[in-house]
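# Structural features, examined
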Amino acid sequence: MVAAIFLLVAGRQGIWAQAADEGGVSFDGGGEEVLQSIVVPAIPNAPFSLTLAAEWSRHMNNGGTFTTVNSRPIKRDSRGRIYQERWLMTPKGSGISSQPSWIQIADPEARTLYQCSVRLKVCELLKLSSSVSLRFDPTRIQSGPLQGGKGARTHEDLGTGYFDGVQVHEYKDTLTVNAGVMGNDLPMSTVRQYRFSPELGINLISTVEAPQIGKQTFTVTEISTTEPDPSFFQPPEGYKVVDHRAPAKTVDPTGR
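Residues numbered from 1 in each chain as written. Predicted model: local features only at pLDDT ≥ 70, side-chain atom pairs only at ≥ 80, totals over all residues. Heavy atoms only, no water.

## A look at the overall build of the chain
Stated formally: Counting from the N terminus, the helices are the DSSP runs of H or I reaching at least four residues and the strands are the DSSP runs of E reaching at least two. Exposed residues in this analysis have more than 50% of their type's maximum accessible area, buried residues have under 20%, and partly exposed residues fall in between, with area computed by a 1.4 Å probe over protein chains only. Contacts: residue pairs with any heavy atoms within 4.5 Å of one another. The accessible surface values rely on the Shrake-Rupley method and a 1.4 Å probe; as for residues, cover is taken only from the protein chains in view.
Along its length, the chain carries one helix and 14 strands. In the chain, which comprises 256 residues, the share counted as buried stands at 39%. Within the chain, contacts between residues at least 6 apart in sequence are counted, and of these 52% link residues at least 24 apart. Taken as a whole, the chain presents about 14900 Å² of accessible surface, with 52% of it coming from carbon and sulfur.

So this is what it looks like as structure tokens:
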């Protein structure tokens, strides 16, 4: 999925690695965590350019929180092509500068996806997944019990308004699973509250809070609905392109 590709959390693994080196020891466990961003579908005739700020807070064992942040540009043109930059998350208030890690360019007409490594200056050319054309529709979400009696979903319509000049509709969804359903010994709830733009097909503000991930907030800090520069939807200048698409099969018209 174009809009939900990984971003690695910066800072913590490096600190632990340094501590291990200095102490001459190694530690069990650990892992790299993943942040999934807002979903951007390939909708034609709805261009925009925006800056998206992300903030991810997780609970610490002393009762505090650990928060990482980043900010990055996203663009979509009238043909439905999507340009996104991916920037590393950095600890909030640390003074550590975020850096771009990937550039992604999706073209629904050509069915192509460029995954460009900023560090390597290489673009991997891939086939585009059909999921990029899926459009989120909050009106289809219903309140009620989950299948098999595993819990319940509550969908709340909080009304319409405007955000930065764009009309939005606000919703709140609460998904509660019963104890023992997902490794939880007590009932567990995930709460999503978002301001959705029907015109653009994206959330301009979105907050997700769940025990497994903590709290994630995505906020559009600036937006324009004019046509982006076409140059954004071509591989960046100076990048090598490696085509990973399977070659087209040739068919003998004689049937041999």
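That was the structure; now back to the text.
## Section: the pattern of salt bridges
Inclusion rule: The salt bridge criterion pairs a side-chain nitrogen of Lys or Arg with a carboxyl oxygen of Asp or Glu, the two atoms within 4 Å.
Applying the stated rule across the entire model yields five salt bridges. For E55, the salt bridge is made with K92, and the minimal N-O distance between the two is 3.2 Å. In this pair, E55 sits in strand β1 (residues 48-59) while K92 sits in the loop between β4 (90-91) and β5 (100-107), placing the two residues 37 residues apart along the sequence. Owing to a relative accessible area of 31%, E55 belongs among the partly exposed residues under this scheme. E109 is the salt-bridge partner of R79, the closest N and O atoms lying 2.9 Å from each other. Taken together, the positions of R79 in the loop between β2 (65-76) and β3 (82-87) and E109 in the loop between β5 and β6 (112-117) put the pair 30 residues apart, joining distant regions of the chain. A residue is classified by how much of its surface remains accessible, and R79, at 38% relative accessible area, is partly exposed. Taking relative accessible area as the criterion, E109 reaches 52% and is therefore assigned exposed.

## Points about the packing of aromatic side chains
Quick note on the threshold: When the centres of two rings from Phe, Tyr and Trp lie within 6.5 Å, Trp using its six-membered ring, the rings pair. Their planes under 30 degrees apart give stacked, over 60 give edge-to-face, and anything left gives tilted. Any Lys NZ or Arg CZ that is within 6 Å of a ring centre and within 35 degrees of that ring's normal is treated as a charge sitting over the ring.
Enumeration according to the criterion identifies four aromatic pairs in this entry. By way of ring pairs, the aromatic residues F136, Y171, Y194 and F196 are connected into one cluster. Between the NZ or CZ atom of R58 and the centre of the ring of W56, over which it lies, the distance is 3.8 Å. The cationic tip of K75 hangs over the ring face of F232; the distance from NZ or CZ to the ring centre is 4.6 Å.

## A closer look at the confidence of the model for the chain
Selection rule: Each residue carries a pLDDT score, the predictor's own confidence in it, on a scale running from 0 to 100.
For the chain, the mean per-residue pLDDT works out to 88, and 84% of the residues sit at or above 70. Low pLDDT (under 50) marks residues 1-13, which in the prediction has 51 contacts with non-local residues, meaning those over four places away or in another chain.

## Focus: the layout of surface pockets
Defined as follows: A 1.4 Å probe that fits but cannot get out identifies a cavity on a 1 Å grid over protein atoms alone, an open set with protein on both sides within 12 Å along at least five of seven lines counts as a pocket, and a residue lines either if it has an atom within 4 Å of a point. Grid points are joined across faces, edges and corners, and a volume is the space filled by probe spheres set on the points. Ten residues, namely Ala, Val, Leu, Ile, Met, Phe, Trp, Tyr, Cys and Pro, are considered nonpolar, four, namely Asp, Glu, Lys and Arg, are considered charged, and the remaining ones, Gly among them, are considered polar.
In this structure, the largest pocket encloses a volume near 890 Å³. What lines the largest pocket is a set of 33 residues, and nearest its centre among them are Q36, T190, R192, S206 and V208. Secondary structure elements with two or more residues in the lining of the largest pocket: β10 (166-177), β11 (188-197), β12 (202-210) and β13 (214-224). Ranked by residues supplied to the lining of the largest pocket, first place goes to β11 with six residues. Classifying every residue of the lining of the largest pocket gives 20 nonpolar, 10 polar and three charged.

## Notes on the environment of I103
If you trace the backbone, I103 turns up in strand β5. Overall, the relative accessible area of 10% leaves I103 in the buried class. As a C-alpha pair, I103 and V118 span 15 residues in sequence and 7.0 Å in three-dimensional space. Residues contacting I103, with those up to four places away along its chain left out, are Y83, Q84, E85, Y114, Q115, C116, V118, P236 and Y239.

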